[in-house]
Amino acid sequence: MIEKVITLENISLLDFLGIENQNIKQIAQAFPQSKIISRGNEIRIQGSTPEIIRINDILNSLIQHYNKFGMVTEENVSNYLTQEDETVLDEDKDDVLIYGTKGFKIVPKTPNQKALVTASRKNDLVFAIGPAGTGKTYISVALAVKALKNREVKKIIITRPAVEAGENLGFLPGDLKEKIDPYLRPIYDALDDMVPPEKLKFYQENRVIEIAPLAYMRGRTLNHAFILLDEAQNTSAMQIKMFLTRMGPTSKVIITGDKSQVDLPKKQKSGLIEALNVLKDVKGIGFVELDGKDVVRHKLVREIIKAYDQFDEGEEDRK
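Computed from a predicted model, the values in this text were never measured in an experiment. (Residues numbered from 1 in each chain as written. Predicted model: local features only at pLDDT ≥ 70, side-chain atom pairs only at ≥ 80, totals over all residues. Heavy atoms only, no water.)

Caption draft 1: Molecular detail of the environment of Phe127. Along the polypeptide, Phe127 turns up in strand β6 (residues 125–129). C-alpha of Phe127 to C-alpha of Gly257: the two residues are 130 residues apart in sequence and 8.0 Å apart in space. If sequence neighbours within four positions are ignored, Phe127 has contacts with Ile255, Leu272, Ala275, Leu276, Leu279, Ile285, Gly286, Phe287 and Val288. (Helix = DSSP H or I, 4+ residues; strand = E, 2+ residues; numbered from the N terminus. Contact = heavy atoms within 4.5 Å.)

Caption draft 2: Summary view of the confidence of the model for the protein chain. In this model, the protein chain carries an average pLDDT of 84, and 86% of its residues clear a pLDDT of 70 or more. When mean pLDDT is compared element by element in the protein chain, β6 scores highest at 96, while helix α4 (residues 74–91) scores lowest at 66. Note on residues 87–93: pLDDT is under 50 here. Beyond four places in sequence and across chains, it has 10 contacts. Counting contacts from residues 164–169, a segment whose pLDDT is below 50, to residues more than four positions away or on other chains yields six contacts. (pLDDT = per-residue confidence, 0-100.)

Caption draft 3: Quick look at the pairing of strand β9 (residues 225–229). When you tally the buried positions in β9, you get five out of five residues, the bulk of the element. Of the two faces of β9, both are covered, the one formed by Ala225, Ile227 and Leu229 as well as the one formed by Phe226 and Leu228. Across five bridges, strand β7 (residues 155–160) lies against β9 in parallel orientation. Across the sheet, the residue bridging to Ile157 is Ile227, located in β9. When β9 meets strand β10 (residues 252–257), the two strands line up parallel, connected through four bridges. Looking at the pairing, Phe226 lines up with Lys252 of β10. Once you follow β9 into helix α9 (residues 237–244) and on to β10, the crossover reads as right-handed. (Buried < 20%, exposed > 50% of the residue type's maximum accessible area, 1.4 Å probe, protein only. Pairing = 2+ DSSP bridges. Right-handed = clockwise from strand over helix to strand, strands pointing away.)

Caption draft 4: Region of interest: the packing of aromatic side chains. Within this structure, the stated rule accounts for two aromatic pairs. Plain terms: the ring middles of Phe127 and Phe287 are 5.4 Å apart, the flat faces sit at 10 degrees to each other, and that makes the pair stacked. With a gap of 160 residues between them, Phe127 in strand β6 and Phe287 in strand β11 (residues 285–289) connect regions that are remote in the sequence. For Phe127, a relative accessible area of 0% gives the class buried. (Phe/Tyr/Trp six-rings, centres within 6.5 Å; stacked < 30°, edge-to-face > 60°.)

Caption draft 5: Quick look at the nonpolar core. Ranked by internal contacts, the top residues of the largest apolar core, which has 60 residues, are Phe16, Ile27, Ile43, Leu59, Leu62, Leu191 and Met194. Excluding its chain neighbours within four sequence positions, the residues that come into contact with Leu59 are Ile6, Phe16, Ile24, Ile27, Ile43 and Ile45. Among the nonpolar cores identified, the runner-up in size contains 23 residues, and Ala212, Leu229, Leu244 and Leu276 belong to it. (Core = buried A, V, L, I, M, F, W, Y, C linked by side-chain atoms within 4.5 Å.)

Caption draft 6: Quick look at the packing of helix α5 (residues 111–122) against helix α6 (residues 136–149). Across the interface, α5 lies against α6 with an axial gap of 10 Å and an inter-helix angle of 40 degrees. Where α5 crosses over α6, the two elements pack in a sense that is right-handed. Of the residues in α6, those touching α5 at Gln113, Leu116, Val117 and Ser120 are Lys136, Ile139, Ser140 and Leu143. In terms of residue class, the contact of α5 with α6 is built from four nonpolar, three polar and one charged. (Axes fitted to C-alpha atoms, helices over the stretch in contact; angles between N-to-C directions. Left-handed = near helix turned anticlockwise from the far one by under 90°. Nonpolar A, V, L, I, M, F, W, Y, C, P; charged D, E, K, R; others polar.)

Caption draft 7: Up close: the sheet that holds β11. Spatial ordering of the open sheet is given by β8-β7-β9-β10-β6-β11, a layout of six strands whose pairing is parallel. The two strands at the open ends of the sheet, each matched to only one other strand, are β8 (209–213) and β11. For this sheet the average axis-to-axis angle between neighbouring strands, irrespective of direction, equals 15 degrees.

Caption draft 8: Geometry of the pattern of salt bridges. Scanning all chains against the criterion turns up 11 salt bridges. Glu231 is the salt-bridge partner of Arg160, the closest N and O atoms lying 2.9 Å from each other. One end of the pair, Arg160, is in strand β7; the other, Glu231, is in the loop between β9 and α9, and 71 residues separate them in sequence. Between Arg220 and Glu210 there is a salt bridge, and its shortest N-O distance comes to 3.1 Å. Placement of the pair is Arg220 in the loop between β8 and β9 and Glu210 in strand β8, with a sequence separation of 10 residues. According to the relative accessible area criterion, Glu210 is buried, its value standing at 10%. (Salt bridge = Lys/Arg side-chain N within 4 Å of Asp/Glu carboxyl O.)

Here it is, written out as structure tokens:
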């Protein structure tokens, strides 16, 4: 059992909590497994992590309602409790994965992105391969956040190898975490679009969302988790085998990578490329190939990828 404290600032307690705290009592009745205590301007929640997250969401919605209308009624509380129960159903409409922090819908925008969503529904392990900008990581993170929100998993684990793209990690300032964080920045950027800052901080503090280098996965068994291995083209054969054997019986895994952007030493073979060959005939694994048509960044990115592909083909012909 864990605890979270919400402080009500610049709020009339009577108008927010209701007469004899009826509004809080109504929320407490909806979550009998948790304990909700109101003392002064503090609301203390004790219970399991998933329930605390749900209660925290409802209370934050009620605070926003109060700031807009100046009071909260028992009917308002009932409506927000109902909305919480219906959220999962609403999000399945029109291919919506989740709603972003700014209210926009996060949806697969191309046929191959939709294929990735479908493959993830049908398989516990999916390889999503494609060039930069095709949305493979972004859609994968959205799928993980949706699974957590729908209580299909208890945690999200996102990892990637800390391999330099032509730069030396040792020359970066700071401790190990500060050196590694730049490599994880794309993951943080995606999560910032999908999870409100306060909730993301809460998730990370309680290890509901873990973002860590691949080396930190050794020796772990990952159960009840949605796991994303990003930039897998920069894994060694030993690393990707280690990662794949971490899967617990209730795990969901997506592995993303770009075979054209391997930053390993020239003599070292990419573990991703080897895994694709080794596992291609294994039933229960999904394989999705994205290409330049799936690029959702600036239109020039698509042309850049096309130009490099043509150049690489010319190089092969000249050899």
